[in-house]
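Examining the three-dimensional arrangement
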Amino acid sequence: MEANGSDDGDSCLYKFDGLDQLLEQISRDELNENDHVRRESLRQMRDWIVQNPRIKNCRTDDSFLLRFLRVRKFSIPRACESLEKYLTMRQTYKKWCHNLDPLARDLKDALNYCSLLPIGRDKGGRIVVLGIVKNFNTQQYNSDTMIRLQMLVNEVLFEDQANQIAGFTHIFDNSDMTMSHVTCWTLENLSNYLRSVINGVPIRLKENHFCNVPSFAAQIRKFCLSFASEKLKSRIHCHRNLEELRQSIDVSVLPQEYGGKLSVEKLNERFREYVVSKREMLLALDQMQIELGDKVETVHGSVDIIDAGAVGSFRKLQID
């Protein structure tokens, strides 16, 4: 399966002057990436995919494989492990990860809600994604659609190599959220999402901002944090109001309703068009296949979905 969705460099959202130079610096200084390392890592990862008996079909284009190499700073064993977790996640939770068609009724509606969308790129090159909880219609859809929307947004943004390199900043505005935004989550969905799905997504999440979290959601927040690593916890910031949020986020990146220039509706309209342009790539993801084992993954890796022998065989490989 080849490059159905490889980034050609022209589809970068919110590109600004100097971004290319900034990305080169981040690649070199933070990710240990250069032309030789990238070329050799891609070659070795493709060889590993071919030799892995569990993987029946997988994209092997540069853009796709670089998602995993960059999030693991070009450690080939860890990148291969991340790829297996990602493929296993997609196959285990098909209701969330398959048929991410932006023209399907549920996702088309969810995209129209303006509840999750990229709004700009900060000075560090990171894509800023805003979640407006109150905009999600819990009378029509439940947490399954919430997760599907998150997966669709992730897949589209992961195709952009600028996002692979610079990473993400997430902002969640919980103003005026209702109890239905909590009760639409079953305990099973919440647990599976936190234990397996988040652990299977290859994302460089640099900052996570939560604003106006109501008291009735405090216990849910505490439960969610119990699944987070210490590294992730250190990147979570809670703000009592929008004014506190503006002190941490460049206001020029925010929508008009938060002190910026363009309205949420206008930004969302632009993003919907971008998503539809990636429809072929999104649907082609369902062609990937991995043979599932009997083990159950936990977020801390105490019982892993990964065959240690398959990944372990890569630990002896070196880049000359």
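What this report covers is the structure whose coordinates are included nearby. What you see is a predicted model, and the numbers here were worked out from it, not measured in a lab.

Concerning the sheet that holds strand 2 (residues 116–121)
As summarised here, the arrangement of the five strands in space is 2-3-4-5-6, forming an open sheet in which the pairing is mixed. The open sheet has two edge strands, strand 2 and strand 6 (236–239), and neither has a second partner. Averaged over all pairs of adjacent strands, the angle between strand axes in this sheet comes to 20°, irrespective of strand direction. Bridge analysis of strand 2 against strand 3 (residues 127–132) gives five bridges, and the strand direction is antiparallel. Looking at strand 3, one finds that P118 is bridged to V129. Here helix 14 (residues 264–277) sits on the sheet in contact with strand 2 and strand 3, set at roughly 95° to strand 2.

Digging into the environment of S82
Here S82 shows up in helix 4 (residues 76–92). Judged by its relative accessible area of 9%, S82 is buried. Separated by 118 residues in sequence, S82 and G200 have C-alpha atoms that sit 6.8 Å apart. Ignoring anything within four residues of it in the chain, the contact list for S82 reads F68 and R72.

Considering helix 14
Compared with the 20 Å implied by 1.5 Å per residue over 14 residues, the 20 Å span of helix 14 between its first and last C-alpha is a close match. When we look at burial in helix 14, the residues that qualify are V264, L267, N268, F271, Y274 and V275. Considered in projection along helix 14, the buried side chains sweep an arc of 120° and stay on one side of the axis. Opposite the buried face of helix 14, at more than 90 degrees from it, the exposed residues are E265, E273 and S277. Against helix 6 (105–112), strand 2, strand 3, helix 7 (143–158) and helix 15 (279–284) lie the buried residues of helix 14.

Brief notes about empty space enclosed by the protein
A full pass over the atoms with the stated rule returns one cavity of 30 Å³ or more. For the largest cavity, the calculated volume is near 60 Å³. Residue lining of the largest cavity: R67, R70, V71, F158, N163, Q164, F168, P202, I203 and R204, and that is the complete set. Counting only elements with at least two residues in the lining of the largest cavity, the list comes to helix 3 (62–71) and helix 8 (161–166). Broken down by element, the lining of the largest cavity gets its largest block of residues, three residues, from helix 3. Its residues assigned to classes, the lining of the largest cavity shows five nonpolar, two polar and three charged.

With respect to the packing of aromatic side chains
This model, assessed by the stated rule, comprises nine aromatic pairs. With a centroid separation of 5.6 Å and an interplanar angle of 80°, the aromatic rings of Y113 and F136 are classed as edge-to-face. Here F136 lies in the loop between strand 3 and helix 7 and Y113 lies in the loop between helix 6 and strand 2, a separation of 23 residues in the sequence. By relative accessible area, Y113 is classed as buried at 15%. Considering the side-chain rings of F158 and F168, the 5.7 Å spacing of their centres and the 80° angle between planes classify their relative orientation as edge-to-face. Separated by ten residues along the polypeptide, F158 in helix 7 and F168 in strand 4 (residues 168–173) bring together distant segments of the chain. Each member of the pair F158 and F168 is classed as buried. Feature note: the residues F64, F68 and Y86 constitute an aromatic cluster, connected by ring pairs.

Parameters and conventions
Residues numbered from 1 in each chain as written. Predicted model: local features only at pLDDT ≥ 70, side-chain atom pairs only at ≥ 80, totals over all residues. Heavy atoms only, no water. Pairing = 2+ DSSP bridges. Helix = DSSP H or I, 4+ residues; strand = E, 2+ residues; numbered from the N terminus. Axes fitted to C-alpha atoms, helices over the stretch in contact; angles between N-to-C directions. Contact = heavy atoms within 4.5 Å. Buried < 20%, exposed > 50% of the residue type's maximum accessible area, 1.4 Å probe, protein only. Expected span 1.5 Å × (residues − 1). Arc of directions from axis to C-beta. 1 Å grid on protein atoms, 1.4 Å probe; cavity = no way out; pocket = protein on both sides within 12 Å on 5 of 7 lines; lining within 4 Å. Points joined across faces, edges and corners; volume = space filled by probe spheres on them. Nonpolar A, V, L, I, M, F, W, Y, C, P; charged D, E, K, R; others polar. Phe/Tyr/Trp six-rings, centres within 6.5 Å; stacked < 30°, edge-to-face > 60°.

Keep in mind these numbers describe shape, not what the thing actually does.
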